[in-house]
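Here's the letter readout for the chains.
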Amino acid sequence: MSESLHAKVLVVGGGPGGYVAAIRAGQLGLDTVLVEADRLGGTCLIRGCIPSKALIHAASTYASLAGDSMARMGISAGESWLDMAQTVRWKDSIVDKLNGGVTALLKRAKVRVVDGWATFQDGKTCTVETASGPVTITAEHVILANGSVAVELPFLPFGETVISSTEALCLTEVPKRLVVVGAGYIGLELGSAFRKLGSQVTVVEATDSILPLFDHDLAAPVARWLKEQGVTVHLGARAKGLDLEHGETHLIAEDKAGATLRLPADKVLVTVGRRPNTQGWGLEQMAVDLTGPFVKVDERCATSMRNVWAIGDLVGEPMLEHKAAAQGEMVAEIIAGQNRRFDPVAIAAVCFTEPEIVSAGLAPREAEAVGIEVLTGVFPYTANGRARSMEAADDGGFVRVVARKDDHRLIGLQAVGGHVSELSAEFALALEMGARLEDIAGTIHVHPTLSEAVHEAALRALGHAIHI
Ligand code: FAD
């Protein structure tokens, strides 16, 4: 016989959208059930943000042992070696600790967690196949946080040789030759990490630039690093399939000129995007509208069906952890009666490549394209003492501020360079608070820090930078 549960709030998906929604709902005293088929933490914690950044950190540490900078600093670590299986175990231990943390937080918020795959019969009822039998759950409010999955190319199905980011994060041996299909942030973050770990890396990208979502000035230092590291990047090239000949696997692609490329590969990492997870759980049983491939929501994350909400990767770009979590928190508060809507001024995005990129708000060309006259201030990392002292100044890094010419209000902040991800908070805060160039210029920034470059970029836009 099937067990039945009733809750005020049913959350489907235990990723950062779903688990944050459930914790906040629990904090607000709402009787909440969360269903997760895999592990709590979702894509981000289990097979995305956290494991990828752990791998990138390990790879950078390993590469620094062999690089010139150690000798420049007068350090020798002796012979370096890599035990990739141990690297993966270390990465898994970080994931396990954080997964345990999410479990504990849900428990503290008195959220009931049901393990299994939820299938909806109608808008407010689902059945979960758990290890101890089916559980039917009904709820007054449903929050859909089913996330996204990697896009699979029909002519390159995932398997032994062709892998997605999920498998790439679990490789216990470094592939000798890695071909990456898709030069977005996931492909380049992982491709760069494997280059540092010793793989020979080739990138195939269909458009004319790497990191097509970032502007050329920000992507250029990354392109330079890839070139210096011997990573071959084929732009305007399309992957066509795999060819196995004499025991050798090749990725077949067509280059810009229509010529066939045969790229030897031990592994082919396909990172051509992610699609919302809208299939296989009964979405079609619910009166919920879609917009393109995504679930359609309004500014409160309400779907077209009353008291059915949707958040995170399921509802559209940007497919980022911090957007999913912010929407989850908001929806729980709306259900509890608060007046909220999702209307951020900007959602900063970071790319953990070499060097890192961070972008919030509009780039100068984007502002001009919508008819806004701007003042721009660019400050190079070479003139920042902290960047120099961390060996982070030599890769073409800079901070850029973009402000309206009429009232000096900031509409965009971007940076590229070592460790710039940490500037994202100041960027987002400045835009959210409606800061003007004078606000940044009038804020005393700590010395010596990379954030001084933000201060100097604002001064430069105002025409009186000190250190350049
Ligand atoms: P998800 O995290 O995808 O969670 C959805 C959950 O729902 C899954 O656990 C799934 O098992 C569960 N589920 C789905 N359907 C059902 C069902 N019917 N029944 C039960 N359970 C179900 N974002 C960043 O902001 N920064 C980064 O640095 C970053 N790096 C990334 C690196 C990689 C390699 C990848 C793949 C992604 C990265 N992301 C990053 C994106 C980030 O992981 C996602 O934006 C985020 O996880 C979305 O959260 P979500 O809650 O919407 O969905």
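Residues numbered from 1 in each chain as written. Predicted model: local features only at pLDDT ≥ 70, side-chain atom pairs only at ≥ 80, totals over all residues. Heavy atoms only, no water.

The next point concerns the site of the ligand. Taken together, the neighbourhood of the ligand is formed by 40 residues, with Gly 17, Glu 36, Thr 43, Lys 53 and Glu 321 sitting nearest. Contacts to the ligand include Gly 17, whose backbone N or O atom sits 2.8 Å from an oxygen atom. One of the side-chain N or O atoms of His 322 is found 3.3 Å from an oxygen atom in the ligand. A total of 1000 Å² of accessible area belongs to the ligand in isolation, and the protein chains cover 96% of it. Among the elements that make up the shell around the ligand, the one with the highest residue count is helix H2 (residues 42–47) (4 residues). Residue classes in the shell around the ligand are distributed as 16 nonpolar, 17 polar and 7 charged. Three or more residues apiece are contributed to the shell around the ligand by two domains, here domain 1 (3–148 + 275–335) and domain 2 (162–272). (Near = heavy atom within 4 Å. Polar contact = N/O pair within 3.5 Å; in protein donor to acceptor, adjacent residues only side chain to side chain. Areas by Shrake-Rupley, 256 points an atom, 1.4 Å probe, with all protein chains shown as cover. Helix = DSSP H or I, 4+ residues; strand = E, 2+ residues; numbered from the N terminus. Nonpolar A, V, L, I, M, F, W, Y, C, P; charged D, E, K, R; others polar. Domains from an automatic or database assignment.)

What the domain assignment lists for the chain is domain 1 (3–148 + 275–335), domain 2 (162–272) and domain 3 (349–461). Computed from C-alpha atoms alone, the centre-to-centre distance between domain 1 and domain 3 is 31 Å. Buried area between domain 1 and domain 3, both sides added, is near 430 Å², and the carbon and sulfur share of it is 56%. The tally of links between domain 1 and domain 3 comes to 1 salt bridge. The partner of Glu 391 in a salt bridge is Arg 72, and the shortest N-O contact between them spans 2.8 Å. Remark: the boundary between domain 1 and domain 3 carries 1 residue pair in polar contact (both at pLDDT 80 or more). By residue number, the principal contributor to the side of domain 1 that touches domain 3 is helix H3 (residues 49–66), which donates 3 residues. (Buried area = accessible area lost by both parts, 1.4 Å probe. Salt bridge = Lys/Arg side-chain N within 4 Å of Asp/Glu carboxyl O.)

Helix H5 (residues 84–108) packs onto helix H1 (residues 16–27) with a crossing angle of 30° between their chain directions and a minimal axis gap of 8 Å. One finds that H1 runs roughly parallel with respect to H5. For the pair H1 and H5, the sense of crossing is left-handed. The segment H1 lies against H5, with Tyr 19, Ala 22 and Ile 23 engaging Val 102, Leu 105 and Leu 106. Its residues assigned to classes, the contact of H1 with H5 shows 6 nonpolar, no polar and no charged. (Axes fitted to C-alpha atoms, helices over the stretch in contact; angles between N-to-C directions. Parallel < 35°, antiparallel > 145°, perpendicular 65-115°, else oblique. Left-handed = near helix turned anticlockwise from the far one by under 90°. Contact = heavy atoms within 4.5 Å.)

We now examine the pairing of strand S9 (residues 177–181). Within S9, 5 of the 5 residues are buried, which leaves the element mostly enclosed by the surrounding structure. Along S9, one buried face is formed by Arg 177, Val 179 and Val 181 and the opposite face, lined by Leu 178 and Val 180, is buried too. Where S9 and strand S10 (residues 200–205) come together, 5 bridges link them in parallel fashion. Residue pairing across strands places Val 180 opposite Val 203, the latter belonging to S10. You can see the chain leave S9, run along helix H7 (residues 185–197) and come back into S10, and the turn it takes is right-handed. Note that S9 and strand S15 (residues 267–270) share 4 bridges and pair parallel. Paired with Val 181 across the two strands is Val 270, which belongs to S15. (Buried < 20%, exposed > 50% of the residue type's maximum accessible area, 1.4 Å probe, protein only. Pairing = 2+ DSSP bridges. Right-handed = clockwise from strand over helix to strand, strands pointing away.)

Attention now goes to the nonpolar core. Counting residues in hydrophobic clusters, the biggest one holds 35 residues, and the most contacted among them are Leu 55, Leu 188, Phe 194, Ile 210, Leu 211 and Ile 357. Those elements that place two or more of their residues in this core are H3, H5, S9, H7, S10, helix H8 (216–228) and strand S20 (349–351). Once you skip the residues sitting within four places of it in the chain, Ile 210 turns out to touch Ala 183, Leu 188, Ala 219, Val 222, Ala 223, Leu 226, Val 233 and Leu 235. (Core = buried A, V, L, I, M, F, W, Y, C linked by side-chain atoms within 4.5 Å.)

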